[in-house]
Amino acid sequence: MKKILPLIILGLPFLASAASDCRQPLDGRDPGCLRQAYARPLAEWPAPQVEGQVAWQEMASAKTPDLPSMISYPMLKLGIRLFFDPALSASGKIACASCHRPEHAYADTLAVTPGHEGRQGRRNAPALVGVAGASSLFWDGRAPTLEHQALGPIADPAEMAMELKELPAKLTAIPGYAEEFAAAWGDSAVTLERIQGALAAYQRTLVAERTAFDAFIDGDHKALDDRQLLGLHLFRTKARCMTCHSGPALNDNEFHNLGLTYFGRKYEDLGRYNVTGKNEDVGKFKTPTLRNVSRSGPWMHNGLFRSLRGIVNMYNAGMFHPKPANEAQAKDPRFPVTSTLVKPLELDEREMQALEAFLKTL
């Protein structure tokens, strides 16, 4: 015992010295120092670096949301049937789940999904995981609630193309629906309002699957390897991702212009402007959740990016900053201006690989 005790005593200042040798702020070069920093409680993690004066929220692990008390099991059961039933489309071939696939974070594998009779819209089917926490729906935010959103794709000529006034009678004629509506609502009347309510009830249960990131943030500090941990640190600091992607859903429920408007060109999409009519909203689109992001591609409102590395590359370069193509565009008050929050990140190759690796843990 006398021989061991001095060694233990001598070891204590050595460990303290090792901890104190970690550079502040952390540069990510020493995995041991990063692990020390992120082994602490979340409130003591290195503070996020953000661009501008944004109201970021701290990260949190995925949790099952509390459902409104009015949502019953029969209502959820009905909502599930409706979500997966192609009878809600004019052709009887397209269901909500045709574009929002459960195995794909309730997004689609295509940039733009062909709708009724192969018609093409302009936008990518966004991931629905965590949609219960959204303050508005659709890429342009035109629906304030899930109930308002529910009938939009059903009626859209480029999607399910169903005549809404005909839908209640169509469902009433299908065996089993009258009984399920009665169980959910107290009587067998099939109405558009009840269809909206049941679909919205089901969508509120669509939570992101727990991942290595959730395990890490809940205290399993071996859940991320050294590269992924560096990616987490960069996400919070040098890459400034928490400018827009923070909180439990890793989004800000806001709208931003990333330079992808295609103003005056074939694929022009004015985004939020089409809802508000405000010039400053031209080209703005809703920030998507990053939960289960590795499974929800292709990404962006138009499905432009097919790899996470491609997105990392473009953010690192500062994204797109279009210039007027002619004098008319230069004088047009609607000419879109890329968000000032988007600036070059100056990540090196090692750091971009780490950031991509972290994104795949979300």
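Here the structure is shown first, and the text comes after it.
All of these numbers come straight from a predicted model, not from anything done at the bench. (Residues numbered from 1 in each chain as written. Predicted model: local features only at pLDDT ≥ 70, side-chain atom pairs only at ≥ 80, totals over all residues. Heavy atoms only, no water.)

S.K.: I tried to follow the overall build of the protein chain on my own but got confused; where do I start?
M.R.: Along its length, the protein chain carries 15 helices and two strands. Reported as C-alpha extents along the three principal axes, the dimensions of the protein chain are approximately 85 × 65 × 30 Å. Burial status across the protein chain gives 48% buried among its 362 residues. For the protein chain, restricting intrachain contacts to residue pairs at least 6 apart in sequence, the fraction spanning at least 24 positions comes to 68%. When the accessible surface of the protein chain is split by element, carbon and sulfur atoms take 57% of a total near 18,300 Å². (Helix = DSSP H or I, 4+ residues; strand = E, 2+ residues; numbered from the N terminus. Buried < 20%, exposed > 50% of the residue type's maximum accessible area, 1.4 Å probe, protein only. Contact = heavy atoms within 4.5 Å. Areas by Shrake-Rupley, 256 points an atom, 1.4 Å probe, with all protein chains shown as cover.)

S.K.: How do you make sense of the state of the cysteines when you look at a structure like this?
M.R.: Throughout the structure, instances matching the rule amount to one disulfide. Here Cys22 is linked by a disulfide to Cys33, with a sulfur-sulfur distance of 2.0 Å. An S-S torsion of about -90 degrees defines the bridge between Cys22 and Cys33 as left-handed. With Cys22 in the loop between α1 (4–20) and α2 (31–38) and Cys33 in helix α2, this pair connects stretches of sequence that are 11 residues apart. Distance from the sulfur of Cys99, which forms no disulfide, to the nearest cysteine sulfur (Cys96) is 8.6 Å. (Disulfide = S-S within 2.5 Å.)

S.K.: For this particular structure, what's the right way to read the side chain of Asp269?
M.R.: Tracing the backbone shows Asp269 in the loop between β1 (255–257) and α12 (273–276). Within polar-contact distance, the side chain of Asp269 engages the backbone nitrogen of Gly271 at 3.0 Å. Here Asp269 is in contact with Arg122, Arg123, Thr261, Asn274, Gly283, Phe285 and His301, once residues within four sequence places are set aside. (Polar contact = N/O pair within 3.5 Å; in protein donor to acceptor, adjacent residues only side chain to side chain.)

S.K.: Would you mind showing me how to read the environment of Ser91 here?
M.R.: By the secondary structure assignment, Ser91 is in the loop between α3 (73–84) and α4 (96–99). Here Lys93 takes part through its backbone nitrogen, which lies 3.2 Å from a polar atom of the side chain of Ser91.

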